[in-house]
Amino acid sequence: MADFDFAEAALAANPLPVRDPQLIPAGRYFDEEFFRLERERLWPHVWQMACRLEQIPEVGDWIEYSNLGQSVVVVRAKDGIKAFHNHCRHRGVPIAGGKGNEHGNCRKQGFICPFHGWRWNLEGECTFVYGRQLFDADLLEKDELALRACRVETWGGCAFINHDDAAPSLRETLGPVLGALEAHGMDDLRSEWWFATVLPANWKIAMEAFMEGYHVMKTHPQLQRALPSLFNSRYGNDTGGVGVPINPNQTVRENIAAQIQNLQLLSEGMGGMCHAKEVAIARQLADVELPDDLETAVQAWYGMVQAQITEQLRAKGENVPDLNAVCVSDPVEAVEFLFPHYFLLPTFTSMASYRIRPLGPESCLFEIWSLTHFPKGEEPPVPMEPTILPYDSQDFPMIPRQDYSNIPIQQKGLHSKGFEFMRLAKNIEGLISNYHRVIDAYIAGAPPEQLAQATQKLGYNFDGRILDLGL
Ligand code: FES
Ligand SMILES: [Fe+2]
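So, how was this worked out
Residues numbered from 1 in each chain as written. Chains lettered and ligands numbered in written order. Predicted model: local features only at pLDDT ≥ 70, side-chain atom pairs only at ≥ 80, totals over all residues. Buried ≥ 20, exposed ≤ 12 C-beta atoms within 10 Å, placed from the backbone. Helix = DSSP H or I, 4+ residues; strand = E, 2+ residues; numbered from the N terminus. Arc of directions from axis to C-beta. Contact = placed C-beta atoms within 7 Å. Domains from an automatic or database assignment. Nonpolar A, V, L, I, M, F, W, Y, C, P; charged D, E, K, R; others polar. Axes fitted to C-alpha atoms, helices over the stretch in contact; angles between N-to-C directions. Parallel < 35°, antiparallel > 145°, perpendicular 65-115°, else oblique. Pairing = 2+ DSSP bridges.

Those residues of helix H11 (residues 276–284) that sit buried are Glu278, Val279, Ile281 and Ala282. Viewed along the axis of H11, the buried residues span an arc of 160°, placing them on a single side of the element. On the buried face of H11, the contacting elements are helix H10 (252–270), helix H12 (294–315) and strand E15 (350–360).

When the domains of the chain are assigned, the result is domain 1 (1–46 + 173–471) and domain 2 (49–155). Each of domain 1 and domain 2 was reduced to a C-alpha centroid, and the two centroids are 34 Å apart. Between domain 1 and domain 2, the contact holds 11 residues from the first and eight residues from the second. At the level of secondary structure, the elements contributing two or more residues to the side of domain 1 that touches domain 2 comprise strand E12 (190–199) and E15. Counting residues per element, the side of domain 1 that touches domain 2 draws most heavily on E15, which supplies three residues. In the side of domain 1 that touches domain 2, the residues fall into six nonpolar, one polar and four charged.

Before going further, it helps to spend a moment on the packing of helix H15 (residues 430–444) against helix H16 (residues 448–456). Relative orientation of the contacting elements H15 and H16 amounts to 170°, with a least axis distance of 10 Å. Judged by the angle between their axes, H15 and H16 are roughly antiparallel. Each of Val438, Ala441 and Tyr442 in H15 lies in contact with H16, whose residues at this interface are Leu451, Ala454 and Thr455. Partitioned by chemical class, the residues of the contact of H15 with H16 number five nonpolar, one polar and no charged.

What follows covers the pairing of strand E5 (residues 80–85). In terms of strand pairing, strand E4 (residues 70–77) meets E5 through six bridges, oriented antiparallel. From the neighbouring strand, Val74 faces E5, where its bridge partner is Ala83. Taking the residues between adjacent antiparallel strands as the criterion, E4 and E5 are bridged by two residues.

Taken in spatial order, the six strands make up an open sheet running E13-E14-E15-E16-E12-E17, and their pairing is mixed. Edge strands, defined here as strands with exactly one partner in the open sheet, are strand E13 (336–338) and strand E17 (387–388). Bridge analysis of E15 against strand E16 (residues 363–372) gives nine bridges, and the strand direction is antiparallel. Residue pairing for E16: Met351 is matched across the bridge by Leu371.

Time to look at the sheet that holds strand E2 (residues 48–52). The strand order across the open sheet formed by three strands is E2-E11-E10, and the pairing between neighbours is antiparallel. Either end of the sheet is taken by a strand with one partner, and the two such strands are E2 and strand E10 (151–155). The mean inter-strand angle of the sheet, taken between neighbouring strand axes irrespective of direction, is 30°. Where E10 meets strand E11 (residues 158–162), five bridges bridge the pair, whose relative direction is antiparallel. Paired with Arg151 across the strands is Asn162, a residue of E11.

Before going further, it helps to spend a moment on unusual backbone geometry. A cis amide bond links Phe339 with the next residue in sequence, Pro340, at an omega value of 0°. Tracing the sequence through the fold places Pro340 in the loop between E13 and strand E14 (342–347). Phi is positive for Leu68, close to 50°, though the residue is something other than glycine. Within the secondary structure, Leu68 is located in the loop between strand E3 (61–67) and E4. Of note in this structure, Asp463 is not a glycine but carries a positive phi near 60°. Along the polypeptide, Asp463 turns up in the segment after H16. On the basis of neighbour counts, which here come to 20 C-beta atoms within 10 Å, the residue Asp463 falls in the buried class.

In this fold, Leu227 is placed in the loop between helix H8 (221–226) and helix H9 (228–235). Residue Leu227 is classed as buried on the basis of its 21 C-beta neighbours within 10 Å. Here the alpha-carbon distance between Leu227 and Ile246, two residues 19 residues apart in the chain, equals 8.0 Å. Beyond its immediate stretch of four places on either side in the chain, Leu227 contacts Pro245, Ala258 and Asn262.

Here it is as structure tokens:
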């Protein structure tokens, strides 16, 4: 690792490297050559969230996942989840999906190529070649005809694929944040709804809109208004740092009302990010007896809310974590990013989850799932396809709608003559810089272990600092 001269390799391969961690060159969001380098050097080596496992509950169920022209079939085989590169070993036609039927079950028939009808079972073994005698025998050797396996690992109710056989495992790559999210009940979450939109923006612009809370004041003014102390102490000119958000000019009761109002706005604005069933429980405690000291009171109130959410949802049969315990044992940030394209917003027992895929240098597919717990046997039907809406649709919840309103115009602004760099606040917009520098390390071809070590540092870094990534 010591032999790898990252700086030199970065400059040699990369037309637009990040030279100063606080300055991000604008061209990284639209330059064709930079996009080509990401396509060739980043995406084939990273763990990509391919599907939710509840989409393939039965043996034989499969889903096609495709990104930048690489299509993979994820299938539930008898001994677990497998993934195959989606091509027929005869003349390359995709054996699954690609014709609009993007999922199904292949237990009985296996995968059947639509061109000449060759077949495979769910272990990827070829089970039928029409007119075998027409081919030279050595072309049809068993191993030659088997579907090409793609690496796949499962975590947090999802299947992740990686095209690189030499990449460290998912857990080695993403590190302890996976365990912390598991402690928050990640494995038992189910999707409640799933939306998608195409954004006319580079995939990184879309990701970065969620990497700091500094934009809340202007982009989500309703959240700022409900709890100004929370945001002003973090980003504004009020000092005092980040503690329990309280308004010293209001009574304990007024402060609690503001907290409830904030939870209500989050819930209305973003569904799974704060679930209505949790807001209802918080409301039950609006008039609870609390200490006189404001900070102690608000802190105590949150403790009670979390205890009640845990107790009441467990009583309904939901397998939720003990919220007060996991806050201490496995704290997580308001947003947790799983490099490169998946992130989660955990609040109480529910989470919103987002996945972004590039469609071109200036276009991306943006998906949102609302994830929550259900009593066993009472899970709603699994959404198999996202509801696709235009990005400015009024049917999106308010918070993503507000975020989407900036993303396309920011993409336009990046092209403006004289705009060379984004300039980042080093202590709260650091994750943006850290992400870019990990991308540069992939482009430079850094050793896999070094990439994994740097990637781990992206966990717990929402609203965080520019870090030394060891690159
Ligand atoms: S291309 Fe698939 S069977 Fe011929
Ligand atoms: Fe936002």
